[in-house]
Amino acid sequence: MMNVFKLLSRTAKAPQSASAQNLPSAGAAANPQLFGHDELAPVAAPEETKKSKKRKRGNAPVESSSDLPADLDFFGDKPKADAEDDAVTAAKKSRVEGKTNGMSSAHEENAFSEAYNEDESKRMLRSHKLKVTVLEDFAPKVEEPEKKKKKKKKSKAKEEEKKKEAKKQLYPQPLSFFGQLRPRFSISRRLADNLKEQGYTVPTEVQLGALPLLLGKDGVQEASGSGAEYGGDIDLLTVAPTGSGKTIAFLVPIINALLSEKPSDEQGSRAVVIAPTRELASQIVNEARKLSQGTGIKAALMKKGMEVVERPQAAEQQNEAASPAASDNEDDEEDDDVSDSDAQEETTSKQKKAPRRRAEKVKAAILVATPMALLNALKCPDGTVAEFPSIRHLVLDEADVLLDPLFRDQTLAVWNACTNPLLRVGLWSATMGSNIEALAISTLNNRWASLSSSTSDSLPARPPLIRLVVGLKDSAIPNISHQLTYAATEQGKLLGLRQLLHPTHISTTSSSSPTLRPPFLVFTQTIPRAIALHSELLYDIPPEAGGSSRIAVLHADLSASARDMVMTRFRRGEIWVLITTDLLARGVDFRGLNGVVNYDVPNSAAAYVHRVGRTGRAGRKGGVAVTFYTQEDIPYVKLIANVIRKAEALRGEEGEVVVKQWLLDALPAPSKRDKQQLKKYGVEARRTKRTGDAEHDHDNDDKKGKGKDAREKARARISTKSGYVRKVENNRKAAVEASRRRNRDLGTGKQHGSGGGGGEGGGEGSEFEGFD
Ligand SMILES: Nc1ncnc2c1ncn2[C@@H]1O[C@H](COP(=O)(O)OP(=O)(O)OP(=O)(O)O)[C@@H](O)[C@H]1O
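Residues numbered from 1 in each chain as written. Predicted model: local features only at pLDDT ≥ 70, side-chain atom pairs only at ≥ 80, totals over all residues.

Undergrad: Explain the overall build of the protein to me, please; I cannot follow it from the model alone.
TA: Across its full length, the protein carries 29 helices and 16 strands. The burial tally for the protein puts 48% of its 772 residues in the buried class. (Helix = DSSP H or I, 4+ residues; strand = E, 2+ residues; numbered from the N terminus. Buried ≥ 20, exposed ≤ 12 C-beta atoms within 10 Å, placed from the backbone.)

Listed below in structure tokens is the structure:
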């Protein structure tokens, strides 16, 4: 077995392999940017850019005279400058370091408001791998004269070519520091301060491109084709890597716009962010609260019983819990924590008995919801969907999954309910099929047609749909190590996972593989398999290291409060190994996550990109992504190998290329049908009756149901032993663990809390010596 592992296991190492000092959990992120490090200083100021023009790709960086760490030494290659330049540069440098005291305001202004010329903008955008295209300009076209039209009847191929050419490229002036936001776009001081307080100085690629596009007309002079002609009045479709800071990129412009609008008291929510899972929605609410602190803008998580529009009374009666207590949490500045949800559930159950009162309409300006939760709140008793005209900003986070068949109807229903003619839409994800682009365009067109037919007033000008792509579309991040491990059988996978849990074994058997250190996530294809794997591994962690409390399972069949509890404990570092389904594959940000294990192969290339993207956030290096595959998975492995290959290409010459051409050639190419089946139902051998649990273990009420038959159980089973033997063993281990814990507590005089295990080196960044 070991030889097979060694022979068929492939590791694609990130430039710097994992070490205790270089782990995603080992402290602050270095540079949050993924690209452009070696070509241009990431935040090179205009005059520096000019001087570095002749520098070629891959040239050795110029020696730095600064005592800043290399990642922050953006001005290290500064040639001798005159006194004025020095002052400006010092201002910029001080800003990067967060020191502005004593700096003259004129210098500060200079440092942040200089314009890049067109060439400089293009170079910077290229080096950071940004591409901005006008996908559809809906402005009315000027009719060409009849004669010319006839002449232009050309071959189909030429027309296609013309179409492509017609897609105009834009070169927005990049944002080099967050400090430029105020001088260039006059954003609210408080918003700028909130960004600074959270330690954000250098924008990531997506922020560097999207913020100037969305924040509108620049204070500095813009070159033609910079997008400034649209004045920020655009719909935007963004494809940018996992963990690249898309949340800030869409929240900052929304908060700023909300602050500049004058709402009436009655207006209610003015921005909606839709996300596929409750976990992601609640994370976005927390981000929005941090960014809008002190601005008067509130953000709320959509919960059962909340009212978002005025609906007929009968509709409210249908609502399960129309409780004022549950109606609005806009004053609650705390995290959406467990106690909050528990309290709410308690209120809800009491409320069922008490006569229902009319729930108050949500007043929070930003509402974050899963599509089903919001649609339920918009549904009327006659089955129609109420209009939500107060919404001016709609964001679909993880847009491709929200517009995938599972969520499509709900998402489109919410989108169409937003009838404000000034609605601006943002679609964001790390992966986006061209079908999603087409669907976005047709939805925008249909919506406009229906708005035109329902009003006699002239509608405002239609904004263009712009597409921003960072890096290679649908690619995994290049800053982590990818491992593709052949485990032959289901039992081989269990053995492989146990080896990962016991790092000492790994260092002797396969020294070339970077070690996977907790905390990490383990993904399975279905909920029953996640539960089965959890019960199998429950006692693998010895009591001295925290025992069974260090390992947990999270899936959509758990109650909301149980899910919140697991999330909180994982974020606190109390849980080290979290077994889950694709419920946590998208959007969820665990800053210090060291790795991801695909215990079951993901259902698509996109699912791989998102799962492994839970580690290596904000440019952090040292993350490890291990994917086990068995004989049954061979037809699909090429999908994943291709994604890893792309990530290697993105990385450039650095690091080892392990998915070699011969491996790609040897792997069979899955047919279109194979891919569709895989995406819908997962690998056959591991399917359960509840179709598509893996890709679709999201918050979609349509799929709930808990029937299991014996065959399903057998498919879910993850063990080398029978259920009975395992139960007996587990009982024995639990008793031993409890007794050891009692003895230890007696010895130290400590009382053991019900949560268990916290604090024993489980915090982010603490040393973990392996479960052995
Ligand atoms: N400019 C920045 N500098 C440093 N850290 C940043 C910056 N912008 C965002 N981050 C951090 O990066 C992490 C990832 O951000 P975010 O969750 O928005 O990523 P994302 O692009 O939405 O990823 P996904 O596609 O997985 O949803 C967060 O912890 C965030 O605080």
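Undergrad: I'm lost on the packing of helix H10 (residues 205-215) against helix H11 (residues 246-260) in this one. Help?
TA: Packed helices, taken two at a time, are described by their axes: the angle between them and the distance between them. Running from N to C, H10 and H11 cross one another at 20°; their axes reach a closest spacing of 9 Å. Comparing the axis directions of H10 and H11 gives the class roughly parallel. Crossing angle aside, the handedness with which H10 passes H11 is right-handed. Where H10 abuts H11, its residues Val206, Gln207, Ala210, Leu211, Leu214 and Leu215 lie against Lys246, Ile248, Ala249, Val252, Pro253 and Asn256. Grouping the constituent residues of the contact of H10 with H11 by class yields nine nonpolar, two polar and one charged. (Axes fitted to C-alpha atoms, helices over the stretch in contact; angles between N-to-C directions. Parallel < 35°, antiparallel > 145°, perpendicular 65-115°, else oblique. Left-handed = near helix turned anticlockwise from the far one by under 90°. Contact = placed C-beta atoms within 7 Å. Nonpolar A, V, L, I, M, F, W, Y, C, P; charged D, E, K, R; others polar.)

Undergrad: How should the pairing of strand E7 (residues 366-369) be read in this particular structure?
TA: Taken residue by residue, a regular strand's side chains alternate between the two faces of the sheet. Neither face of E7 is left uncovered, since the one carrying Ile366 and Val368 and the one carrying Leu367 and Ala369 both have all their residues buried. Relative to E7, strand E6 (residues 299-301) runs parallel, the two sharing three bridges. Paired with Ala299 across the strands is Ile366, a residue of E7. (Pairing = 2+ DSSP bridges.)

Undergrad: In this structure, what is going on with the site of the ligand? I would like to understand it.
TA: The immediate surroundings of the ligand are formed by 22 residues, with Pro32, Gly245, Lys246, Thr247 and Ala618 found nearest. Among the elements that make up the shell around the ligand, the one with the highest residue count is H11 (three residues). (Near = placed C-beta within 6 Å.)

Undergrad: I'm lost on the packing of H11 against helix H12 (residues 278-292) in this one. Help?
TA: One can describe the packing of H11 onto H12 by two numbers: an axis separation of 10 Å at closest approach and a directional angle of 50°. By the angle class used here, H11 and H12 are oblique. Remark: the crossing between H11 and H12 carries right-handed chirality. On H12, the residues that touch Thr247, Leu251, Val252 and Ile255 of H11 are Ile284, Glu287, Ala288, Leu291 and Ser292. Looking at side-chain class alone, the contact of H11 with H12 contains six nonpolar, two polar and one charged residues.

Undergrad: Looking at this structure, I do not really get the sheet that holds strand E4 (residues 235-239). What am I missing?
TA: Within a beta sheet, neighbouring strands are joined by backbone hydrogen bonds and run either parallel or antiparallel to one another. Ordered by their spatial adjacency, nine strands build an open sheet running E3-E2-E10-E4-E9-E8-E5-E7-E6, and the pairing between neighbours is mixed. Each end of this open sheet is capped by a strand with a single partner; those strands are strand E3 (169-170) and E6. Here strand E2 (residues 130-136) runs beside E3; their pairing, made up of two bridges, is antiparallel. Pairing of Val132 across the sheet is with Leu170, part of E3.

Undergrad: Looking at this model, I keep getting lost on unusual backbone geometry. Mind explaining?
TA: The general pattern is negative phi for most residues beyond glycine and trans for most peptide bonds. Omega for the peptide link from Pro518 to Pro519 comes to 0°, which places this bond in the cis form. With respect to the element layout, Pro519 can be found in the loop between helix H21 (503-509) and strand E12 (520-523). Despite not being glycine, Glu398 has its phi angle at roughly 65°, a positive value. Within the secondary structure, Glu398 sits in the loop between strand E8 (393-397) and helix H17 (399-402). Of note in this structure, Ala618 is not a glycine but carries a positive phi near 50°. Counting through the fold element by element, Ala618 comes out in the loop between helix H24 (605-612) and strand E16 (623-630).

Undergrad: What is the right way to look at helix H16 (residues 371-378) in this model?
TA: One full turn of an α-helix is made of 3.6 residues, so residues set three or four places apart face in the same direction. Among the eight residues of H16, six are classified as buried, and the element is accordingly described as predominantly covered. For H16, the set of buried residues is Pro371, Ala373, Leu374, Leu375, Ala377 and Leu378. The inward-facing, buried residues of H16 contact strand E5 (271-274), E7, H17 and helix H18 (405-417).

Undergrad: I would appreciate a short explanation of the pairing of E5 in the present structure.
TA: The side-chain alternation of E5 yields two buried faces, one formed by Ala271 and Val273 and the other by Val272 and Ile274. Judged from the four bridges that link them, E5 and E7 form a sheet pairing that is parallel. Looking at E7, one finds that Ala271 is bridged to Ile366. In this sheet, E8 lies alongside E5 in parallel orientation, the contact comprising four bridges. If you follow Ala271 over to E8, its bridge partner there is His393.

Undergrad: Teacher, can you tell me more about helix H9 (residues 189-197) here?
TA: Those residues of H9 that fall on the buried side of the exposure criterion are Leu191, Ala192, Asn194 and Leu195. Taken around the axis of H9, the buried residues stretch over an arc of 160°, which confines them to a single face. Opposite the buried face of H9, by more than 90 degrees, sit the exposed residues Arg189 and Glu197. On its buried face, H9 sits against helix H8 (181-185), H11 and H12. Count one or two residues on from H9 and you reach Gly199, which has phi positive near 85°. (Arc of directions from axis to C-beta.)

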